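The lines below spell out each chain.
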Amino acid sequence: MMPEPQPTPKVARFFPSTWAGRCALISIAWGLLMIVGWVLNTEWDKEPATNRPTKNPVGDYVSADTCRSCHPGNYASWHASYHRTMTQVANSETILADMAGLEITAFSTDYIVLEQDGKHYVRSKPEGAPEAKFTDPQEIVLLTGSHNMQICWMTSNDGRTVEQFPFAYIVAEDMWVPMTHSFLMPPEHITPYSKGEWNISCINCHVTKGRSRIVEGETFDSDVSDFGISCEACHSGGREHVELNRDPTRRFKLHLTDTPDQTIANPADMDGPTSSLLCGQCHSIWNFNNAEAHMEFVKENSDFRPGHTELKLRNVPQPSGADAAEKRAAMIANDAATFDNSYWRDGMVRVTGREYNGVTASPCFKGKDFSCLSCHEMHPANTEATALKQWAKNQMAPGKMTNQACLQCHQDMAADISAHTYHPEASTGSSCYNCHMPHSSFGLLRGVRSHEVASPSAIETIELGRPNACNLCHLDQPLAWTAGKLHEWYGHDIPVMEKDDHEISLAAKWILKGDAAQRALISWSMGWEPAQRASDYRWLYPFLIFELNDPYPAVRFVAWKSLQSLPGFSGYKYDYTVNDDLQKEASARAYQKWWQEQRDPRHTYEWKTLLQPNGTFRQSEYERLLRERDNRKVNLLE
Amino acid sequence: MTTSNRHLRHGWWALFTFLTLGVVLETLHGFKIGWYLNADADIRRLMFTLAHAHGTLLALVNIAAGVTLRVVEGFDLEKNVSRALTWGSIVMPVGFFLGGVVIHGGDPGLGVLLVPVGAFMLVYASACTARNLSKALKSK
């Protein structure tokens, strides 16, 4: 008997047999995949940090992250710039120095830095106290700077208020120095920044749209739109721009008609004064209009936006120029020391980072075309990594490192530049910058080009104590030589000068007799290669070696770096932070090295350089100038 | 020429073309050509990469379609489906490529408008192919 056929067992179907079912299955699969993707991309630790200022774009700000997808080239150049890293959240990638295990003492305090899980912590105790006296660890949470120096900010156990780790890391030297050694300030100045200084002061310019937000006393609840200076600092808040441009038809209409987008500011489309002001919102010496304006700024920042012609709650005083004599006199009468630490007596700014004051006081600025962008560019066309690294050093526009910067307007001089400069065309003496923007400003432990375009003047050197371009290059020449050349070439009046100005090199005179700022600028120029060539570098050694024992740390640093630039002293080791005895010892050792190894006994040193023919100092003159030294306290307010 | 042969011929030529594009892109990488590699050319790099990837993959799809037509008894493609598959395989990668030739910041050029046209053809062709293949397999 045949067995009865069994019904086919029902098997669950995983794949539907109908088209509708298949489509539904595929849709569900896509949906699941999207959910998985979303979950994987979600940062579950998005809770903002509570122990430091936080990133919180508000109002019309959206932060630079939003700009990247549409402006990859501009984002890349900004990303390569030091504007971006002006403030960063601290982590093992952003901290430039190898800090783990760092032990350092200053301000009568011992500091030790520990690393754990990629985070850095600082503990401190009174100098020499037992280990048990170490404070609780303070985490390093923020960093300022990354180009020349980097400053660390620690938690304060007081909300988002941060406190300074009172040392600066000098990037090129790979060394930590007390903060007071990173500025040109009197040696007895020993007060590091107080708690909350970043929240109330640095936040104004070292971030984009920072809001200090005082809770009470020295406690802050600060936030920023972006750490560092980002897109919206120059292009204004981008929320409307971003929202409108989600529409591809709008974007393509703008692309294809080459129409400027009215929803965003573009400095390239602004007139000179307007585009310069957006740089000047930070690169200037500015004041709050009044106490109420300050309080409003602290609370919500300003409603100044790039494209506006006024800073709103703030103002930039301009004491330079003949028409500003009254304002200048009032500022000096109000606080002469502060004035002198920021400006030369004619109102020309003398510190770096305040270029707007210089630019706007320049004769070139009187028209509407001249601006920061006449020489600088923020978004170079070549976004190749090496090119961007080179550009980031000074953000110069192509060709603007040369005379082309000036010749774009002063075209009449292009045909025969020597007729104007009285120097060979290829000489550094024919560089517009060297004569009209000399290194007469100071900051970041070096001489910096003045951004007030001006002509060299022996009279100003006498009246203001400001080094002129001629003597910053021709270091071996007395001031009378400069006055004579300026009279012969340009018809300047010859001023009445003291005997030294006829007989002694201005550089030699000032490095002994000048105030700390003059000594710093002359020391820097002695390391400047064009000046070494123009002046015969051989007589510079004893002066720079002498300055290794200058009372001002910044001057010692500059002298050391200049000494290193001279033959035989490349890589010369010296710690400018040590005490006076060790400085003297280092100075004596360097002198001995020069005398025995570098000094050419056949060379005859010139009398005007204050040296005997064999290279020793003309002792009586040397001592007299030292006795006459200008010991006024100088504290340049960078 | 049979439908199968047409897809096989198209597939192998397309494979040759888009593999060659791949070699060109590698060469641009090798010589570090800024026009292709710099940060401001992000979207160009993406478009060209997508053109290469889609072109190559769709060439293989055409070869697969040609082989399937030969192997599966009773399976055939209507003329319009076959054309949609062939032309979609051309239009979509070419759209990506043209979108990368002229770029506007983070936006591709107008050539990218060919991409959705090609995508539509391919979605249509693949759906019809799946339907026809299912029918052929069921009837066996």
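The structure contained in this document is the topic of the report that follows. In this text the structure is predicted, and so the values were computed from the model without any measurement.

Regarding helix H12 (residues 385–392) of chain A
Because each turn of an α-helix spans 3.6 residues, side chains separated by three or four positions end up pointing in the same direction. Residues and elements named next belong to chain A. Within the span of H12, buried status applies to Leu388, Trp391 and Ala392. Along the axis of H12, the buried residues cluster in a sector spanning 95°; they form a single face. Among the exposed residues of H12, those oriented more than 90 degrees off its buried face are Thr386, Lys389 and Gln390.

As for the interface of chain A and chain B
With 16 residues of chain A at the interface, the matching set in chain B holds 15 residues. One can count one salt bridge joining chain A with chain B. Residue A:Arg251 is joined to B:Asp107 by a salt bridge in which the shortest nitrogen-to-oxygen separation is 2.5 Å. Where chain A packs against chain B, one counts six residue pairs in polar contact (both at pLDDT 80 or more). Residue assignment for the side of chain A that touches chain B shows that the elements contributing at least two residues are helix H1 (19–41), helix H2 (72–80) and helix H6 (248–257) of chain A. Broken down by element, the residue count for the side of chain A that touches chain B peaks at four residues, all from H6(A). Each residue belonging to the side of chain A that touches chain B can be placed in one class, and the counts come to seven nonpolar, six polar and three charged.

Some thoughts on empty space enclosed by the protein
Residue and element names in this part refer to chain A. Following the criterion strictly, the structure yields three cavities of 30 Å³ or more and no others. Considering the residues around the largest cavity, the lining is formed by 17 residues, among which Pro438, Ser455, Pro456, Glu460 and Arg466 are closest to the centre. Of all the elements in the fold, those that place two or more residues in the lining of the largest cavity are helix H15 (432–436) and helix H16 (458–464). In the lining of the largest cavity, the residues fall into seven nonpolar, seven polar and three charged. There is about 40 Å³ of room inside the second largest cavity. Residue lining of the second largest cavity: Val349, Val351, Thr352, Gly353, Arg354, Glu355, Ser441, Arg449, Ser450 and His451, and that is the complete set. When its residues are assigned to classes, the lining of the second largest cavity shows two nonpolar, five polar and three charged.

Remarks on the state of the cysteines
All names here are of chain A. For the structure shown, the criterion picks out zero disulfides over all chains. As a non-bridged cysteine, Cys202 has Cys205 as the owner of its nearest cysteine sulfur, 9.7 Å distant. Overall, Cys202 belongs to the buried group, its relative accessible area being 13%.

So, the packing of helix H20 (residues 506–513) of chain A against helix H21 (residues 516–525) of chain A
Describing two packed helices takes the angle between their axes plus the distance from one axis to the other. All names here are of chain A. The contact between H20 and H21 brings their axes to 8 Å, and the two run at 135°. The orientation of H20 relative to H21 falls into the category oblique. The two elements H20 and H21 meet at a crossing, and its hand is left-handed. On H21, the residues touching Ala507, Trp510 and Ile511 of H20 are Gln518, Arg519, Ile522 and Ser523. Its residues assigned to classes, the contact of H20 with H21 comprises four nonpolar, two polar and one charged.

Calculation notes
- Residues numbered from 1 in each chain as written.
- Chains lettered and ligands numbered in written order.
- Predicted model: local features only at pLDDT ≥ 70, side-chain atom pairs only at ≥ 80, totals over all residues.
- Heavy atoms only, no water.
- Buried < 20%, exposed > 50% of the residue type's maximum accessible area, 1.4 Å probe, protein only.
- Helix = DSSP H or I, 4+ residues; strand = E, 2+ residues; numbered from the N terminus.
- Arc of directions from axis to C-beta.
- Contact = heavy atoms within 4.5 Å.
- Salt bridge = Lys/Arg side-chain N within 4 Å of Asp/Glu carboxyl O.
- Polar contact = N/O pair within 3.5 Å; in protein donor to acceptor, adjacent residues only side chain to side chain.
- Nonpolar A, V, L, I, M, F, W, Y, C, P; charged D, E, K, R; others polar.
- 1 Å grid on protein atoms, 1.4 Å probe; cavity = no way out; pocket = protein on both sides within 12 Å on 5 of 7 lines; lining within 4 Å.
- Points joined across faces, edges and corners; volume = space filled by probe spheres on them.
- Disulfide = S-S within 2.5 Å.
- Axes fitted to C-alpha atoms, helices over the stretch in contact; angles between N-to-C directions.
- Parallel < 35°, antiparallel > 145°, perpendicular 65-115°, else oblique.
- Left-handed = near helix turned anticlockwise from the far one by under 90°.

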